[in-house]
Amino acid sequence: MNQLRAAAARGLRRSSGRAAPPAGRSRQGASPRGAPAPPPACHLFSDPAEIQALRGNLLAWYDKCKRDLPWRTLAATEPDADRRAYAVWVSEIMLQQTQVATVIDYYNRWMQKWPTLQALAQASLEVSVAGAGSSPCPCGSSSNTRLCLLEQEVNELWAGLGYYSRGKRLQEAARKVVSELAGRMPRTAEDLQKLLPGVGRYTAGAIASISYGQATGVVDGNVIRVLCRLRCIGADSSSPAVIDRLWDMANALVDQSRPGDFNQALMELGATVCVPKAPLCGECPVKQHCQAQRRKLFGKPAPVPDVEDCDVGGCPLCPPATEPWDSSLGVTNFPRKAAKKQPRAARTATCVLERRGCHGAPEYLIVQRPSSGLLAGLWEFPSLPLAEGLQEEKQKEALADHLQAWTGWPVAAKGLQFIGEVIHIFSHIHQTYVVYSLPLDGDVTLDPALSPSRWVTEEEFHASAVSTAMKKVL
Ligand code: SF4
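As the structure is a computational prediction, the values presented were derived from the model and not from experiment.

(A) Local environment of the overall build of the chain. Counting secondary structure elements, the chain contains 17 helices and seven strands. Within the chain, buried positions represent 49% of all 474 residues. Across the chain, the fraction of contacts at a sequence separation of at least 24, relative to all contacts at a separation of at least 6, is 67%. Element-wise, carbon and sulfur atoms account for 54% of the exposed surface of the chain, whose accessible area totals about 23000 Å².

Put into structure tokens, the structure is as follows:
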């Protein structure tokens, strides 16, 4: 409530009248002393009664319409706070970048296999112990049988969710809780973020509010959309200035007695009603609080008592003057993002090395990528980024040298057979893989000092943590 009052006080500090900023403040978003200026009141929730009404309407709708999801059931019924926090944590990690409908099955399988932090940490420890100093796996990996099997198990459980590093980080963090925090999950959003690897501000807020009832807000993509529409925020919603304001707003709005439900309700609203392209405003439980809806219906946002409208140039939260309100878009004028940079073009030579396995079936050599950067820790065919404008013959020579370093065998460029090109679009890279193949006779011993590598059958290849791009290559 203090935050709410402070927000209200900040908003009402401005005098009535239209364009002129209050004495001592510019409209450029900073006070003369350099502190960020409070946003114009029309972009805030300034009225405590309105906040109360919005909370009540949203929670009543959530109680009636919320989806039945396994992590919600666990969060509501599990009496042990650590188990509850773990259940929410796993769901939040899986839901990053992945749709709810896809996650449900993965979540159920994961929780069946590793129902507690201790179970997950133990699995990771077994992998580490098994990986130290035991005999090499017959698959040809520099790893060993048990490590391969356990890794495969994790990969199989995670396969299809993408972003494999999330599963790995979850395991690392579970291990840390068990070994360094005596198995007790940190009890506040601040400590969760500070102490657990891979837990950012959003995940920490979600775990703390849903599992422990801490009155802290959350801001994810759905919340950004809903809040920007509720308060006609049309400045770049990915900019730090706007994101900071949205966190302030989420923290001021969150219901003090049901913070977990309130946060989930706001996200649920964004996922099911206030959707990106065709929001169902007629069914929206908070439409009476929505400035975007009001603007669509009446041509302007609701006036804020005693405060001027801010719909003039220079407001840090309004749409830029060059991209004003477009009435054909209605509420979907909000949110807005700065135009994305064009993905940069990159070319990579990749080689499918093939040998006959024990039973005559083909096997392929895959190597593991570094543990940080693009596709961190995933497996791929030996690959080499190509310099821009490199001639085809030079490409082959560079790739042959690279393969020679891997296999320790002389590899002649003319032995590489060009197969074709595969294009894969990452969010920021337009990647072309120039694909070659190299069939091998006899066995090849790989230098264990190099990055991990192993021979896999086609089936094993698909069960391994390989990227979609590599599946296309195969
Ligand atoms: Fe979103 Fe429409 Fe509801 Fe506003 S009224 S919050 S735009 S669904």
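(B) Structural view of the site of the ligand. Taken together, Arg-229, Leu-230, Cys-274, Cys-281, Cys-284, Lys-287, Cys-290, Gln-293 and Val-331 are the residues near the ligand. Residues belonging to the shell around the ligand are distributed by class as follows: six nonpolar, one polar and two charged.

(C) Region of interest: the nonpolar core. Within the largest apolar cluster, 81 residues are counted, with the highest numbers of intra-cluster contacts made by Tyr-86, Trp-89, Trp-110, Leu-227 and Leu-269. With eight residues, helix α4 (residues 81-95) is the single largest residue contributor to this core. For Trp-89, the contacting residues outside a window of four places in its chain are Leu-117, Leu-170, Ala-173, Ala-174, Met-185, Leu-196, Val-199, Thr-203 and Ile-207. Among the nonpolar cores identified, the runner-up in size contains 20 residues, and Ile-366, Val-422, Phe-426 and Ala-465 belong to it.

(D) The packing of α4 against helix α10 (residues 201-212), seen in detail. Viewed as axis vectors pointing N to C, α4 and α10 meet at an angle of 140°, and their least axial separation amounts to 9 Å. Judged on the interaxial angle alone, α10 and α4 are oblique. The way α4 lies across α10 gives a crossing that is right-handed. Contacts between α4 and α10 pair Ala-81, Arg-84, Ala-85, Val-88, Trp-89, Glu-92 and Ile-93 from the former with Tyr-202, Thr-203, Ala-206, Ile-207, Ile-210, Ser-211 and Tyr-212 from the latter. The residue inventory of the contact of α4 with α10, partitioned by class, reads ten nonpolar, two polar and two charged.

(E) Molecular detail of the state of the cysteines. The tally for this structure, following the rule as stated, stands at zero disulfides. The thiol sulfur of Cys-228 is not disulfide-bonded, and the nearest other cysteine sulfur, from Cys-232, lies at 9.9 Å. Note on Cys-232: no disulfide assigned, nearest cysteine sulfur contributed by Cys-290 at a separation of 7.0 Å.

(F) Representation of the pattern of salt bridges within the structure. Applying the stated criterion to the full structure yields 13 salt bridges. Here Glu-50 makes a salt bridge to Arg-231, at a shortest N to O gap of 2.8 Å. Linking Glu-50 in helix α2 (residues 48-65) with Arg-231 in the loop between α11 (221-230) and α12 (240-253), this pair joins segments that are 181 residues apart in sequence. Among the salt bridges present, the one from Glu-354 reaches Arg-356, with a minimum N-O distance of 3.3 Å.

(G) The arrangement of unusual backbone geometry in detail. Residue Phe-334 is joined to Pro-335 through a cis peptide bond whose omega torsion reads -10°. Relative to the assigned elements, Pro-335 resides in the loop between α14 (291-298) and β1 (344-356). Its identity as a non-glycine residue notwithstanding, Ala-182 has a phi of 55°, on the positive side. Here the phi dihedral of Cys-232 falls at roughly 50°; this positive angle occurs in a residue that is not glycine. Here Cys-232 shows up in the loop between α11 and α12. Residue Cys-232 is classed as buried on the basis of its relative accessible area of 6%.

(H) Region of interest: the side chain of Asn-333. Tracing the backbone shows Asn-333 in the loop between α14 and β1. On the basis of relative accessibility, which here comes to 2%, the residue Asn-333 falls in the buried class. One polar contact links the side chain of Asn-333 to the main-chain carbonyl oxygen of Asp-326, over a distance of 2.8 Å. Among all residues touching Asn-333, those that are not within four sequence positions of it are Pro-324, Trp-325 and Asp-326.

(I) Representation of helix α15 (residues 392-407). Taking 1.5 Å as the rise per residue, α15 with 16 residues should run 22 Å; its terminal C-alpha atoms sit 22 Å apart, in good agreement. Within α15, the full set of buried residues consists of Gln-395, Lys-396, Leu-399, Ala-400, Leu-403, Trp-406 and Thr-407. Angular distribution of buried residues about the axis of α15 spans 130°; they occupy a single face of the element. Structural note: α15 exposes Asp-401 and Ala-405 on the side pointing more than 90 degrees away from its buried face. In the core, the buried residues of α15 are packed alongside β1, β2 (362-368), β4 (383-385), β6 (429-439) and β7 (453-456). At the exit of α15 stands Gly-408, carrying a positive phi of roughly 75°.

(J) Representation of the environment of Gly-420 in the model. Structurally, the position occupied by Gly-420 is in strand β5 (residues 417-425). Once the C-alpha coordinates of Gly-420 and Val-473 are considered, the two residues, 53 residues apart in sequence, prove to be 9.1 Å apart. Excluding its chain neighbours within four sequence positions, the residues that come into contact with Gly-420 are Tyr-433, Val-434 and Val-435.

(K) Up close: the pairing of β1. Pairing of β1 with β6 involves eleven bridges; the strand directions are parallel. Following the sheet pairing, Val-352 is matched in β6 by Ser-437. Bridge count between β1 and β2: three bridges; the pairing is antiparallel. If you follow Glu-354 over to β2, its bridge partner there is Tyr-364.

(L) Region of the structure containing the confidence of the model for the chain. When pLDDT is averaged along the chain, the result is 82, and 79% of the positions lie at 70 or above. Within the model, pLDDT remains below 50 along residues 1-33, and this stretch shows 54 contacts once partners closer than five positions in the same chain are excluded. Segment residues 304-308: pLDDT under 50, and 16 contacts once partners within four positions in sequence are set aside and those in other chains are kept.

(M) Quick look at the environment of Gln-264. Among the structural elements, Gln-264 can be located in helix α13 (residues 259-272). Its relative accessible area of 9% is what places Gln-264 among the buried residues.

Definitions and cut-offs
- Residues numbered from 1 in each chain as written.
- Predicted model: local features only at pLDDT ≥ 70, side-chain atom pairs only at ≥ 80, totals over all residues.
- Heavy atoms only, no water.
- Helix = DSSP H or I, 4+ residues; strand = E, 2+ residues; numbered from the N terminus.
- Buried < 20%, exposed > 50% of the residue type's maximum accessible area, 1.4 Å probe, protein only.
- Contact = heavy atoms within 4.5 Å.
- Areas by Shrake-Rupley, 256 points an atom, 1.4 Å probe, with all protein chains shown as cover.
- Near = heavy atom within 4 Å.
- Nonpolar A, V, L, I, M, F, W, Y, C, P; charged D, E, K, R; others polar.
- Core = buried A, V, L, I, M, F, W, Y, C linked by side-chain atoms within 4.5 Å.
- Axes fitted to C-alpha atoms, helices over the stretch in contact; angles between N-to-C directions.
- Parallel < 35°, antiparallel > 145°, perpendicular 65-115°, else oblique.
- Left-handed = near helix turned anticlockwise from the far one by under 90°.
- Disulfide = S-S within 2.5 Å.
- Salt bridge = Lys/Arg side-chain N within 4 Å of Asp/Glu carboxyl O.
- Polar contact = N/O pair within 3.5 Å; in protein donor to acceptor, adjacent residues only side chain to side chain.
- Expected span 1.5 Å × (residues − 1).
- Arc of directions from axis to C-beta.
- Pairing = 2+ DSSP bridges.
- pLDDT = per-residue confidence, 0-100.

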